[in-house]
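# Descriptive analysis of the structure
Residues per chain, in single letters:
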Amino acid sequence: MAEYELDEIDREILAALQEDARNLSSGEIAERTDASSSTVRKRIQRLESAGIVKGYSADVDYQKSGYPLRMLLFCTAPIPERGELIDDILEIPSVVSVQELVTGEQNLLVTAVGESDDDITPVAQELLDMGLTVADEVLVRSHETTPFDDFSSQ
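The shown structure was predicted, so the numbers you read here are calculated from the model rather than taken from an experiment.

## Some words on the sheet that holds strand β2 (residues 95-100)
One open sheet accounts for four strands, arranged β2-β3-β1-β4; its pairing is antiparallel. Because the sheet does not close on itself, it has two edges, and the strands there are β2 and β4 (133-140). Here the strands of the sheet are splayed against their neighbours by 20° on average, with no regard to which way each runs. One ladder, built from seven bridges, connects strand β1 (residues 69-76) with β4; its direction is antiparallel. Each bridged residue has a counterpart across the sheet, and for Leu72 the counterpart in β4 is Val138. Of the strands in this sheet, β2 and β3 (108-114) touch helix α4 (residues 82-90), which is tilted by about 175° from β2. Helix-sheet contacts for helix α5 (residues 117-129) involve β1, β2, β3 and β4, and the interaxial angle to β1 is about 15°.

If you want it as structure tokens, here you go:
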């Protein structure tokens, strides 16, 4: 698949989707981009087809929803296997994300959430059973995110 070149309209669409994909209509996004609603809908479809927009999901506050523990597990996997292990790691109960790291000895960062240590401890064991080394575990107090601001020229 050819690499998709983002133009200013695409960037504005991405900025809007990051802000509030659930509530913004294509017409409202069109007003921001000086494009028509149909152009915005077609652009969103192209961004999805190109894999730039991978999906739409809820930003869940795990702590408020009854899962106060967020654990980061820094792991080491054999380099040729690390990318292949990601889907299997995501299947582990309580795991909510996996990041492939390309510098340093630890090359996978696994995030798990749970109500208690009893929810998190089995995650580390399953990672060990997969042949990973768990080099460090970090308990996170809070985690906040913000949309990437370079998409918007505003």
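## Thoughts on the pattern of salt bridges
Tallied over the entire structure, the rule returns four salt bridges. Taking the shortest distance from any N to any O, the salt bridge between Arg43 and Asp7 comes out at 2.8 Å. A residue pair is termed long-range when its members are at least 10 positions apart, and Arg43 in helix α3 (residues 37-49) and Asp7 in the segment before α1 (8-20) qualify at 36 residues. Ionic contacts of the salt-bridge type, sharing partners, join the residues Asp7, Asp10 and Arg43 into one network.

## Examining the UniProt feature "domain: HTH asnC-type" (unreviewed entry) in the chain
Look at the UniProt record and you will see "domain: HTH asnC-type" (unreviewed entry) annotated at residues 6-68. Structurally, residues 6-68 comprises 54% helix and 0% strand, and the distance from its first C-alpha atom to its last is 38 Å.

## A few points about α5
Across its 13 residues, α5 extends 18 Å between first and last C-alpha, which sits within 8% of the 18 Å expected from 1.5 Å per residue. Looking at the packing, one finds that the buried side of α5 touches β1, α4, β2, β3 and β4.

## Structural notes on the domain arrangement of the chain
Here the domain parsing of the chain yields domain 1 (8-50) and domain 2 (62-140). Each of domain 1 and domain 2 has a C-alpha centre, and the two are 34 Å apart.

What counts and what doesn't
- The residue count restarts for each chain, going from 1 along the sequence in the order it is written.
- In keeping with the predicted nature of the model, local features appear solely for residues at pLDDT of at least 70, side-chain atom pairs appear and are counted solely at 80 or more, and the whole-chain, interface and lining totals rest on all residues.
- Excluded from the side-chain calculation are hydrogens and water; included are all heavy atoms of the structure.
- A pair of strands counts as paired when DSSP detects no fewer than two bridges linking them.
- Only DSSP runs of H or I reaching four residues or more are called helices, and only runs of E reaching two or more are called strands; each is numbered from the N terminus.
- Working convention: axes come from line fits to C-alpha atoms, limited for helices to the stretch in contact. Angles between N-to-C directions cover 0 to 180 degrees.
- Residues are treated as being in contact if the distance between any of their heavy atoms lies within 4.5 Å.
- Take a side-chain nitrogen of Lys or Arg and a carboxyl oxygen of Asp or Glu: if they are within 4 Å of each other, that pair is a salt bridge.
- UniProt positions are given in the numbering used here, feature names are shortened, and annotations may be inferred rather than shown by experiment.
- Each residue after the first adds 1.5 Å to the expected span of a helix.
- For every domain, the bounds stem from an assignment made automatically or drawn from a database.

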